[in-house]
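# Chains, contacts and geometry: an overview
One letter stands for each residue in the lines below.
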Amino acid sequence: MMKLTGWRRVGRWSKRALLGLLALLILALAVGVIYEALGRRYAQANYPPPGRLVDVGGRHMHIDCRGEGSPTVILESGLGTGGVLDWTLVHDQIAGFTRTCAYDRAGIMWSDPKDTPQDASAVAEDLHTLLKEAGISGPLVLVGHSIGGPYTRTYVGKYGEDVAGLVMVDPSHPDQVSRLGNIVGIDVHPKQASTLMHAAKALGWTGIVRFLASRSEKPKLRTEAETKKVDDAMARKFAYFSTSVKGGTAELDGYDRTQAQARAVRSFGDRPLIVLTAMAPLKAEQLKGLGLRPEQGVRFKEEWKQLHAEQAAFSTRSRQQLVPDATHFIQVDRPDVVIAAVREVVDTVRVDARRAGK
């Protein structure tokens, strides 16, 4: 009888403990939902779009154009959630010598999401519509970072009559997954991040994504002014991260289609082209994260350089520039290099226009 009474007590305490734990979880969830709602309200009130919202057929896309002059430079960001903010250190400087527009792709930062699949062809169509509705016509100089390389490459294939020149900033290559994987013997497909991205997308309403994003480490740059600018940009990015992750996830899901569509474009003709290649050695933590030995890291970078050399060969007027002290985000590590490359292509396009009497 005493044993039975003891088990009943244990059962009652276990039930109370479980109910207490459930109450704590509900409370934490409620706090998280409120935190997320307040965060979204704060973002809208304190970080409005720096450019303008343009109707592209029932939804709006954000484009931020600065400066004057022709050709118009279009800044195409890489895979992620930064959008226009990825160009913080170069946008105004390029706008000092020609009109320069950065924009947010669907579902990122200030642009509305969409329900249809996202890939290079869809991105090109969105951009073409955005430029048309915003009253922006050619000639264009496309500047694409990372996956922005395949996006701009696909744009040339679809709307090449508007494109006068290109700058590719450490661009992705359609065959990089297989070739880099063969070099280092591991899977380098970005789908490795798919589970994490989908989880962040699903949990965005709970506040946990916003909380974790706000704890991300901020880079220290060469000057205090640059650090301040990037800190402000990252604050804006994190304020919208829990909603922007939907757009980033859609692009990640379309990665293989994107590379297949870009692969179909094999030439840029005689358009002036500069390909910037980040050649800073992989850091110890990067090697560890990829599971690579130092000598594999060296082979990885050499193959990366070769992939870019092949893309530079797409134009009869091109060059590849190695940037030995820059990581993948050259526009952050060496903004001066990106600005100079864009200026060179813009100047060439202007010379071409004068010779053609335009």
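Predicted model, so just to flag it, every value in this text is computed and none were measured.

Counting its regular elements, the protein contains 14 helices and eight strands. Counting all 358 residues of the protein, 47% fall into the buried class. Of the contacts made within the protein by residues no fewer than 6 positions apart, 79% connect residues no fewer than 24 positions apart. A total accessible area of about 17600 Å² is found for the protein, and carbon and sulfur atoms account for 58% of it.

Bringing helix H10 (residues 255-263) into the picture now. Along an α-helix, residues three or four apart share an orientation, since each turn contains 3.6 residues. Restricting attention to buried positions, one finds in H10 the residues Tyr-255, Thr-258, Gln-259 and Ala-262. Buried residues of H10 fall within an arc of 95° about the axis and therefore sit on the same side.

Our next topic: the nonpolar core. Within the largest apolar cluster, 36 residues are counted, with the highest numbers of intra-cluster contacts made by Val-143, Leu-276 and Val-342. Considering every element that reaches this core, the biggest residue donor is helix H14 (residues 335-355), with eight residues. Residues contacting Val-342, with those up to four places away along its chain left out, are Val-73, Ile-94, Phe-97, Val-143 and Val-167. Counting 32 residues, the second-largest nonpolar core is a separate cluster that includes Ile-74, Leu-142, Tyr-159 and Val-265.

In space, the eight strands of this open sheet follow the order S1-S2-S4-S3-S5-S6-S7-S8, with mixed pairing throughout. Single-partner strands in this sheet number two, and they are strand S1 (52-55) and strand S8 (318-323). Each strand axis lies, on average, 25° off the axis of its neighbour in the sheet, ignoring direction. One ladder, built from four bridges, connects S1 with strand S2 (residues 60-66); its direction is antiparallel. Bridge pairing links Arg-52 to Ile-63 in S2.

With that settled, consider the packing of helix H5 (residues 176-184) against helix H12 (residues 294-312). Packing of H5 against H12 leaves a shortest axis separation of 9 Å and a crossing angle of 150°. As far as their axial angle goes, H12 and H5 are roughly antiparallel. H12 is crossed by H5, and the crossing has right-handed handedness. Contacts from Gln-176, Arg-179, Leu-180, Ile-183 and Val-184 in H5 reach Gln-296, Arg-299, Phe-300, Glu-303, Trp-304, Gln-306, Leu-307 and Glu-310 in H12. For the contact of H5 with H12, the per-class residue count stands at six nonpolar, three polar and four charged.

All right, on to the state of the cysteines then. Using the criterion set out here, one finds one disulfide in the structure. What pairs with Cys-65 in a disulfide is Cys-101, and their sulfur atoms sit 2.1 Å apart. Measuring the twist about the S-S bond at about 110°, one finds the Cys-65-Cys-101 disulfide to be right-handed. Taken together, the residues Cys-65 in strand S2 and Cys-101 in strand S4 (residues 100-103) connect sequence positions 36 residues apart.

Cut-off values and rules
- Residues numbered from 1 in each chain as written.
- Predicted model: local features only at pLDDT ≥ 70, side-chain atom pairs only at ≥ 80, totals over all residues.
- Heavy atoms only, no water.
- Helix = DSSP H or I, 4+ residues; strand = E, 2+ residues; numbered from the N terminus.
- Buried < 20%, exposed > 50% of the residue type's maximum accessible area, 1.4 Å probe, protein only.
- Contact = heavy atoms within 4.5 Å.
- Areas by Shrake-Rupley, 256 points an atom, 1.4 Å probe, with all protein chains shown as cover.
- Arc of directions from axis to C-beta.
- Core = buried A, V, L, I, M, F, W, Y, C linked by side-chain atoms within 4.5 Å.
- Pairing = 2+ DSSP bridges.
- Axes fitted to C-alpha atoms, helices over the stretch in contact; angles between N-to-C directions.
- Parallel < 35°, antiparallel > 145°, perpendicular 65-115°, else oblique.
- Left-handed = near helix turned anticlockwise from the far one by under 90°.
- Nonpolar A, V, L, I, M, F, W, Y, C, P; charged D, E, K, R; others polar.
- Disulfide = S-S within 2.5 Å.

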